[in-house]
Structures are given as C-alpha cells and as structure tokens.
Amino acid sequence: MIIEKLRIQKNIPDEEFDAIYPFEIRELSERHWTSVYVAKIASNFLCNQRPMKVLDIGSGAGKFCFVGAALHPSSEFHGIDIRENFINLSNHIKDEQRVPNASFFQQDVLEMNLKGYDGIYFFNSFQEKIDVSSSIDNTSEVSVEQYITYTKHLFNELNKLPRGTKLVTYFSEGFCVPNSFRLLETHFHGELKFYLKDLEPHEFNLLLNEQDINDHIDKHTFLP
Ligand SMILES: C[S@@+](CC[C@H](N)C(=O)[O-])C[C@H]1O[C@@H](n2cnc3c(N)ncnc32)[C@H](O)[C@@H]1O
C-alpha cells in the first residue's frame, strides 16, 4: 500500500505515489497536483503545533490531502473540488488506501464554508479561468469576470477567519490573501507561502488590491 509506505518513510518519489491514480490522472500530476515533497513541508507547517482541521480549496485528485493525512494522522484533511470525477476518485482512493482522516466533497468555491477550519491550502485553482494552457479538461469556462468573482470571494472568505488560522498558498498571487494574514515564510523561489492570520478583519483596512488583479490578468491571460 503506497500511503502506508509514505506513513513509514515520510517521503516517496512522486512517480511511486502517483501509481495510486489511473493513467489519465497521473498524466496531470506534474502540472496540476502538488508534489509529495511540497505537500510534506506545507502540511508540516499547518500541523506542527496541534491536530488541525485543514481544507484544500480545489483538491483535484486529493494528492495534497492524502500526503498530509498520511503524515499527520491526528489531523483531519478535507478537500473540495468543483469536478465530480475528482471527488469520486479521491473518495475511492481514500477507502482503497485506508486514509480515514481525509474526506472529499464536491463543491464550488462560491459555496464553500471555511468555518471550523484552522488550516487552509490553496494551489491556484482559478488560473484556468484566464489561461487556456492551465485547463484540466474542457468543462471549465474561460472568463475574466469569473476569475475576478472567484478571487474576490476567496479573499472575503479568508478575511472572515479567526486569528490563529494558518494558510499555505502555492503558485498563487498575493492579492488573494487579505492583509490580516502575516507572511511568515516563503519557499521554492516564493511560490510556496506560509501565512498566519494575526489580525481580526475590523483591525485593518482590508481592501482587495484591484490594481494587482488587473495587472495579473493583463500579464497572464491566454484566451483561445
Ligand atoms: C491546480 S489544481 C490543485 C489540486 C490539489 N489542490 C493539489 O494540490 O494536488 C486546482 C483544482 O481546483 C479545482 N477548481 C477549479 N475551480 C474550482 C472552483 N470554482 N471550485 C472548486 N474547485 C475548483 C480544479 O478542478 C482543480 O482540481
């Protein structure tokens, strides 16, 4: 059992981990799924003080949650994803590989409820809205307006979280993150960022930086 081996060895090569997935999901791994090593250091940050309830926003094939759950058995990892096939696959692997502390739910980010989570992981789930080269399949509509709506929603929901919440972002722009989160560490040339929320929303001017969003869209939009 691959996840059992990860529990014991604490790290395994991605090619070996990805063997839990069918071929078409393995094919997406390098570009779209968090590597075992990144998931390990991100989950170590999230769970280093006490058992945590962690949400992966846009969990894909569940790789971040499976690695985190294997390495931190007293923490709970939940994943939400808009794609039903990823959620069905993740729940199937959870049973097959016996990972009781990982769970997956089909949900759009616009419906998510972050209440009760003390750790959040976010790997740039909205890029496919503005960049056709980032799309996983042909089910997602490319739309700058939706990119802005989703980004604002994420920002507002993060803003509501209580002090002490931890956040990890991977290949995600800083404008998604309210200033009530303090940046503690960066890794991988700044692509992996660890934050701690240490201000309540009313204690800071928490405006979303619209100019940064527009600059990002100008630079990174590749439409068909
Ligand atoms: C880059 S992948 C990250 C996968 C996973 N977090 C990991 O690290 O292995 C982004 C995921 O976000 C999902 N996603 C995109 N838009 C979403 C939305 N509006 N609501 C929920 N999930 C979404 C995609 O289906 C995709 O699986």
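Heads up: these notes are all about the structure in this document. It should be emphasised that the depicted structure is a prediction, and the values quoted were computed from it without experimental measurement. (Residues numbered from 1 in each chain as written. Predicted model: local features only at pLDDT ≥ 70, side-chain atom pairs only at ≥ 80, totals over all residues.)

Taken together, 22 residues lie around the ligand, and Trp33, Thr34, Gly58, Gly60 and Ser125 are the ones closest in. Looking at the shell around the ligand, the elements with two or more residues in it are α6 (63-71) and β2 (76-81). (Near = placed C-beta within 6 Å. Helix = DSSP H or I, 4+ residues; strand = E, 2+ residues; numbered from the N terminus.)

Here is the key point about a regular strand: its side chains alternate between the two faces of the sheet. Of all 5 residues in strand β5 (residues 166-170), 4 are buried, a share of seventy percent or more. As judged from the 4 bridges shared by strand β4 (residues 119-122) and β5, these two strands associate in the parallel manner. Its bridge partner lying in β5, Gly119 is registered against Lys166. For the segment spanning β4, helix α8 (residues 144-160) and β5, crossover handedness is right-handed. (Buried ≥ 20, exposed ≤ 12 C-beta atoms within 10 Å, placed from the backbone. Pairing = 2+ DSSP bridges. Right-handed = clockwise from strand over helix to strand, strands pointing away.)

Next up on the list: the packing of helix α1 (residues 2-9) against α6. The interhelical angle for the contact between α1 and α6, taken along N-to-C directions, is 50 degrees, at an axis separation of 8 Å. Relative to α6, α1 is oriented oblique. At the point where α1 passes α6, the crossing takes the right-handed sense. Where α1 approaches α6, its residues Ile3, Leu6 and Arg7 are matched on the opposing element by Phe66, Val67 and Ala70. Here the residues of the contact of α1 with α6 are counted per class, giving 5 nonpolar, no polar and 1 charged. (Axes fitted to C-alpha atoms, helices over the stretch in contact; angles between N-to-C directions. Parallel < 35°, antiparallel > 145°, perpendicular 65-115°, else oblique. Left-handed = near helix turned anticlockwise from the far one by under 90°. Contact = placed C-beta atoms within 7 Å. Nonpolar A, V, L, I, M, F, W, Y, C, P; charged D, E, K, R; others polar.)

Before going further, it helps to examine the nonpolar core. Judged by nonpolar contacts, the single largest core of 39 residues is most densely connected at Ala42, Phe66 and Tyr121. Judged by nonpolar contacts, the second largest core, of 8 residues, contains Trp33, Ala61, Ile93 and Phe104. (Core = buried A, V, L, I, M, F, W, Y, C linked by C-beta atoms within 7 Å.)

This paragraph deals with the sheet that holds β4. Read across the open sheet, the 7 strands follow the order β3-β2-β1-β4-β5-β7-β6; overall the sheet is mixed. The open sheet has two free edges, formed respectively by β3 (102-106) and β6 (181-187), since each of these has just one partner strand. Each strand of the sheet is rotated relative to its neighbour by a mean of 20 degrees, with strand direction disregarded. Where β6 lies against strand β7 (residues 192-197), 6 bridges are found, and the strand directions are antiparallel. Paired with His187 across the two strands is Leu192, which belongs to β7. Where α6 meets the sheet, it contacts β1 (53-57), β2, β3 and β4, and its direction lies at approximately 175 degrees from that of β2.

Buried residues dominate β2, accounting for 6 of its 6 residues. Here β2 shows no split at all, with Glu76, His78 and Ile80 on one side and Phe77, Gly79 and Asp81 on the other all buried. Here 5 bridges tie β1 to β2, and the two strands are oriented parallel to one another. Paired with Leu55 across the strands is His78, a residue of β2. Taken together, the 5 bridges between β2 and β3 define a ladder with parallel strand orientation. Bridging across to β3, His78 finds its partner in Ser103. Taken together, β2, helix α7 (residues 84-96) and β3 form a β-α-β motif whose crossover is right-handed.

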